[in-house]
Amino acid sequence: MSNDISLLRQAFVSQRQFYDDQNFPRGFSRSGNFTLLEASILEQHGVVLKGLYNKTLAPQNTIQEQFVDVVCGSKEPTNPIEKSWVKYLKLTTCKTKFHTLFGRSKMSGPVPISQDDYSESDSV
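**Section: the nonpolar core**
Here comes step 1: Phe12, Phe28, Phe34, Trp85 and Tyr88 are the most contacted members of the largest nonpolar core, which has 20 residues in total.
Here comes step 2: It is helix H3 (residues 36–54) that contributes the most residues to this core, six residues altogether.
Here comes step 3: When residues no more than four places from it in sequence are discounted, the contact partners of phenylalanine 28 are Phe18, Tyr19, Asp20, Phe34, Ala39, Leu42, Glu43 and Tyr88.

Have a look at this one:
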């Protein structure tokens, strides 16, 4: 597997590190959402991965072409780089549902009691 990941890393070489301060201001590794390997992949290769995802970069080899097929949805992710990017996309593009004990509607106050509800026999 170490040879496999090293070949994958060579296929997605980037000169800059990738940061997403909007969604992960403390970094990928400190967010608690990614393993150390996934965080390392995103930081070291995220610029190329984002370029391929946004179609601002053209695939340069077969591994990158397979990555483009995965992010388009025509293939399932099979290697750690593809899985890391799909996980990143799920965390950043899908809106999470937030559940509370209270609903959106305002609670109504107590119902006012009219004098018609009481009869004379109810008086003290």
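**Some points on unusual backbone geometry**
Here comes step 1: Notably, lysine 55 is not glycine yet its phi reads approximately 65°, a positive angle.
Here comes step 2: Within the fold, lysine 55 resides in the loop between H3 and helix H4 (62–72).

**Quick look at the side chain of asparagine 79**
Here comes step 1: Structurally, the position occupied by asparagine 79 is in the loop between H4 and helix H5 (80–93).
Here comes step 2: Engagement of the side chain of asparagine 79 in a polar contact is seen with the backbone nitrogen of glutamate 82, the distance being 2.8 Å.
Here comes step 3: Not counting the four nearest positions on each side in its chain, asparagine 79 is found in contact with Leu8 and Gln66.

**Brief notes about the pattern of salt bridges**
Here comes step 1: All told, the structure shown has two salt bridges when counted by the stated rule.
Here comes step 2: Across the pair glutamate 38 and lysine 87 runs a salt bridge, and its minimum N-O distance is 2.9 Å. Here glutamate 38, found in helix H3, pairs with lysine 87, found in helix H5; they are 49 residues apart in sequence, far enough to count as distant.
Here comes step 3: You can call lysine 87 partly exposed: its relative accessible area is 28%.
Here comes step 4: Between lysine 75 and aspartate 69 there is a salt bridge, with its nearest N and O atoms 3.9 Å apart.

Conventions adopted
Residues numbered from 1 in each chain as written. Predicted model: local features only at pLDDT ≥ 70, side-chain atom pairs only at ≥ 80, totals over all residues. Heavy atoms only, no water. Core = buried A, V, L, I, M, F, W, Y, C linked by side-chain atoms within 4.5 Å. Buried < 20%, exposed > 50% of the residue type's maximum accessible area, 1.4 Å probe, protein only. Helix = DSSP H or I, 4+ residues; strand = E, 2+ residues; numbered from the N terminus. Contact = heavy atoms within 4.5 Å. Polar contact = N/O pair within 3.5 Å; in protein donor to acceptor, adjacent residues only side chain to side chain. Salt bridge = Lys/Arg side-chain N within 4 Å of Asp/Glu carboxyl O.

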